[in-house]
Amino acid sequence: MSKIDLDLTINNQKISRNDVDGTMWLNDFLREELRLTGTKFCCGIAVCRVCTVAWQRVPGAHMEPIRTCATTLEHVNGTILTTVEGLAIPGRLHPLQEAFLENFSFQCGYSAPGFLMASYCMLDRLKRSPIPKDDVDAAIHDAVGQHICRCTGYVRYYKAIRQVVLETPGLTT
Ligand code: FES
Ligand code: FES
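Residues numbered from 1 in each chain as written. Chains lettered and ligands numbered in written order. Predicted model: local features only at pLDDT ≥ 70, side-chain atom pairs only at ≥ 80, totals over all residues.

## A short note on the environment of I80
Put simply, the test is: Where helices and strands are cited, they refer to DSSP runs of H or I of at least four residues and of E of at least two residues respectively, numbered from the N terminus. By the criterion used throughout, residues are in contact when their C-beta atoms, derived from the backbone, lie within 7 Å.
Along the chain, the position of I80 falls in strand β5 (residues 80–82). Expressed as a C-alpha distance, the spacing of I80 and T9, which sit 71 residues apart in the sequence, is 4.7 Å. If sequence neighbours within four positions are ignored, I80 has contacts with T9, Q56 and P59.

## Description of the nonpolar core
Looking at soluble globular proteins, one finds that nonpolar side chains tend to be buried together. Defined as follows: To count as a nonpolar core, a set of buried Ala, Val, Leu, Ile, Met, Phe, Trp, Tyr and Cys residues must be joined through C-beta atoms within 7 Å. Neighbour counting defines burial: a residue surrounded by 20 or more other C-beta atoms within 10 Å of its own C-beta is buried, one with 12 or fewer is exposed, and intermediate counts give partly exposed, using backbone-placed C-beta atoms. Those domain boundaries reflect an automatic or database domain assignment.
Ranked by internal contacts, the top residues of the largest apolar core, which has 44 residues, are A54, L116, M117, C121 and I161. At the level of secondary structure, the elements contributing two or more residues to this core comprise β1 (3–10), α1 (26–33), β3 (52–56), α2 (73–76), α3 (95–102), α4 (112–128), α5 (136–144) and α6 (154–167). The element best represented in this core is α4, accounting for 8 residues. Lining this core are residues from two domains, each supplying at least three of them: domain 1 (3–86) and domain 2 (95–167). Discounting chain neighbours no more than four positions away, the residues touching M117 are T52, V53, A54, P65 and V84.

## Focus on the domain arrangement of the protein
Structurally, the protein comprises domain 1 (3–86) and domain 2 (95–167). The distance between the C-alpha centroids of domain 1 and domain 2 comes to 21 Å. Listed by partner, the interface residues are 15 residues for domain 1 and 15 residues for domain 2. Among the secondary structure elements, those contributing two or more residues to the side of domain 1 that touches domain 2 are β3 and β4 (64–67).

Printed below as a string of structure tokens:
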């Protein structure tokens, strides 16, 4: 066990802890310590991507999807995270959340936070580097093509994400 002083920003809030186990999985810290249970746990071996959150190495950096079941606290110490709890603003869901509801994308909902956070990272990428409309399906596949949904809601997830990408100004050329 390696002890670290932890300093994280999660959903725009500073989180500091002294003498924590740096080898603790980020998923355990989010769910057990912070009670941010919107981030799910399933395979535990970095395959299903249910546990994905958005990660920025420094302020202003692009958002990267990371799998919290395979990421230690020491790996993300000093950086910035957004979990599914950080997507909505008071009184308003994020457009991706609205689109998932509108398109009945999820059934049990267990895979939804991972799909949301990976597509949230994709929107961040597209804001910085818009793509031609013809490339949207390929970009969605790149972003969420490896996410597993046991309820097999893939088509509706893709439909919702495509809708948000095409309706948000500045993401496509
Ligand atoms: S729980 Fe399956 S990839 Fe993390
Ligand atoms: S909605 Fe049930 S696992 Fe995807």
